[in-house]
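Coordinate analysis (summary)
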Amino acid sequence: MTLRALPLVALMLCSPVADAGFEKREATPPPNVEAPRAPARPPKEAAPRKPRPAPRAPIAAPPAETAPEPVKSVSAPVPVPEVVRDCADCPELVIVPAGEVALGSPDGEAGRRGDEGPQIRWQLQKPLTIGRFEITRGQFAAFTRAANYVPALPCGEFDGKAWSYGLTRRWSSPGFHQEDTHPVVCVSNSDITAYLTWLSAKTGRKYRLPNELEWEYAARAGRADVRPGRSGATPCAYANIADAAFQCSDHFAATSPVGQFRPNDFGLHDVIGNAAEWVDGCYSETLFETLRKKQATGGGNVLDGFFDSLASGVGLCRKVARGGSWQSGPDEARLAAREIFDTFSGGNNRTGFRVVREAP
Ligand SMILES: [Ca+2]
């Protein structure tokens, strides 16, 4: 029972079922956004799970499919960032300034795993234009209509004890109540790639996912905190999390409307909680150590090709989600936490994404 790996889907990819509609890791064909995709067949049998590290507890069990509770108001002033977007219904973007921040977590941080360090000083060398919010269900729905796109891969869900995958859960029916203003979840790598391709074509601008370093820089907003919020602030003012585990109440049992909670100092909302966020690239246990060594030898702080080389050198490109979700307790809902998934062939009902728009 852990959040760090999804072996069932990994094994599914190695089975004949993979040829019947499941994404193969080694072959990532460009998504066809013009024609509907045939629905994938469910796996024929469950594969045994490998032993897992101790789970990060506590974890919220999924809620019943009921309407959300009343929203708690936040009376303190909220900073208003400069917002840009490429069309009326395009994602709102904020411009994160260049600068330097410590990435990763210090040795003594509660809930820390070894792959969050060593802490490094990292420079964002050019401003980064990144989503103010997670992509919403309404935005994703508009894409599926415009592109006639039909996601085909299963969606995972965690019941508080174990993961399961099936075709009954999908972005439009993730297993709990959602409005169009909620972050889309149950999106796979193929789905996200198709969305980004469509949005780029629609706007004439290049959209992509942030990589891990960009994500953490933007999420930290220059701060070394465990999670957003000034000293003494309740986590429930900044994030939709497994609030009972934090001994506060955010009033949402599953996802909430994006922007419901206070932004960080760069104007980004929901960097912790609500939907966890897929980031670009493959997982490396030694990401921070590799960067530290490169910096120490005068090689700078850019890891050009690093993530791609991981994908080509190993059997599976394990994917990473950052920020924790509505289902995350204190260990996962941290700015440095890295959730790892053995494959990205299917999404899950607690993870969505945020976009980056590249400079012209
Ligand atoms: Ca919550």
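Residues numbered from 1 in each chain as written. Predicted model: local features only at pLDDT ≥ 70, side-chain atom pairs only at ≥ 80, totals over all residues.

Helix and strand content of the protein chain: seven helices and 14 strands. Residues counted as buried form 48% of the 360 residues belonging to the protein chain. (Helix = DSSP H or I, 4+ residues; strand = E, 2+ residues; numbered from the N terminus. Buried ≥ 20, exposed ≤ 12 C-beta atoms within 10 Å, placed from the backbone.)

Following the sequence through the fold, Gly175 ends up in the loop between strand 7 (163–166) and helix 3 (189–203). Sequence separation of Gly175 and Cys186 is eleven residues, and the distance between their C-alpha atoms is 10.0 Å.

If you walk across this open sheet you meet the five strands as 1-2-5-14-8, and the pairing is antiparallel. Bordering the open sheet on either side are strand 1 (83–84) and strand 8 (207–208), each of which pairs with just one other strand. Note: strand 1 against strand 2 (residues 93–96), two bridges, orientation antiparallel. Each bridged residue has a counterpart across the sheet, and for Val83 the counterpart in strand 2 is Val94. (Pairing = 2+ DSSP bridges.)

Right, let's get into helix 3. Its 15 residues give helix 3 an end-to-end C-alpha distance of 21 Å, which sits within 8% of 21 Å, the value for a rise of 1.5 Å per residue. Along helix 3, the residues that are buried comprise Asn189, Ser190, Asp191, Ile192, Ala194, Tyr195, Leu196 and Leu199. For helix 3, the secondary structure elements touched by its buried residues are helix 2 (137–147), strand 8, strand 9 (276–278) and strand 12 (347–348). Positive phi shows up at Gly204, right after helix 3, with a value of about 75°. (Expected span 1.5 Å × (residues − 1). Contact = placed C-beta atoms within 7 Å.)

This brings us to the pairing of strand 2. Bridge analysis of strand 2 against strand 5 (residues 128–131) gives four bridges, and the strand direction is antiparallel. Bridge pairing in strand 5 places Val94 opposite Ile130.

By size, the foremost hydrophobic cluster in this structure holds 70 residues, and its most contacted members are Ile130, Val187 and Ala218. Beyond its immediate sequence surroundings of up to four residues, Ala218 is in contact with Val96, Leu128, Ile130, Pro210, Phe266 and Leu268. (Core = buried A, V, L, I, M, F, W, Y, C linked by C-beta atoms within 7 Å.)

Once that is clear, we can look at the sheet that holds strand 7. Pairing in this open sheet of three strands is mixed, and the strands run 7-6-12 from one edge to the other. At either margin of the open sheet sits one strand with a lone partner, and together these are strand 7 and strand 12. Here four bridges tie strand 6 (residues 155–158) to strand 7, and the two strands are oriented antiparallel to one another. Bridge assignment links Phe158 to a residue of strand 7, and that residue is Trp163.

Glancing now at the pairing of strand 6. Going residue by residue along strand 6, you find Cys155 and Glu157 tucked away on one face and Gly156 and Phe158 tucked away on the opposite face as well. Counted along the chain from strand 6 to the antiparallel partner strand 7, the turn is four residues long, and its residue Gly160 has a positive phi close to 100°.

Our focus in this paragraph is the packing of helix 2 against helix 3. The description of two helices packed together rests on the angle between their axes and the distance between the axes. Relative to each other, helix 2 and helix 3 sit at 75°, their axes nearing to 10 Å. Looking at the two axes, helix 2 sits roughly perpendicular to helix 3. Along the contact surface, helix 2 presents Phe140, Phe143, Ala146 and Ala147, while helix 3 presents Ala194, Tyr195 and Trp198. Classifying every residue of the contact of helix 2 with helix 3 gives seven nonpolar, no polar and no charged. (Axes fitted to C-alpha atoms, helices over the stretch in contact; angles between N-to-C directions. Parallel < 35°, antiparallel > 145°, perpendicular 65-115°, else oblique. Nonpolar A, V, L, I, M, F, W, Y, C, P; charged D, E, K, R; others polar.)

All right, on to the environment of Ala242 then. Here Ala242 is to be found in the loop between helix 4 (212–220) and helix 5 (243–246). With 24 C-beta atoms packed within 10 Å, Ala242 lands in the buried category. Between the alpha carbons of Ala242 and Gly273 there is a distance of 8.3 Å; along the sequence they are 31 residues apart.

A few words now on the environment of Phe261. Within the element layout of this structure, Phe261 appears in the loop between helix 5 and strand 9. Residues Phe261 and Ala239, 22 residues apart in the sequence, show an inter-C-alpha distance of 5.9 Å. Ignoring any residue separated from it by four or fewer positions in sequence, one finds Phe261 in contact with Ala237, Tyr238, Ala239, Asn240, His269 and Asp270.

With that settled, consider helix 6 (residues 287–296). Given 3.6 residues per helical turn, the α-helix brings residues three or four places apart onto the same face. Among all positions of helix 6, only Leu287, Phe288 and Leu291 are buried. Mapping the buried residues of helix 6 onto a view down its axis gives an arc of 90°, with all of them on the same face. Turned more than 90 degrees off the buried face of helix 6, the exposed positions are Lys293 and Ala296. Taken together, the buried residues of helix 6 touch strand 4 (120–124) and helix 4. (Arc of directions from axis to C-beta.)

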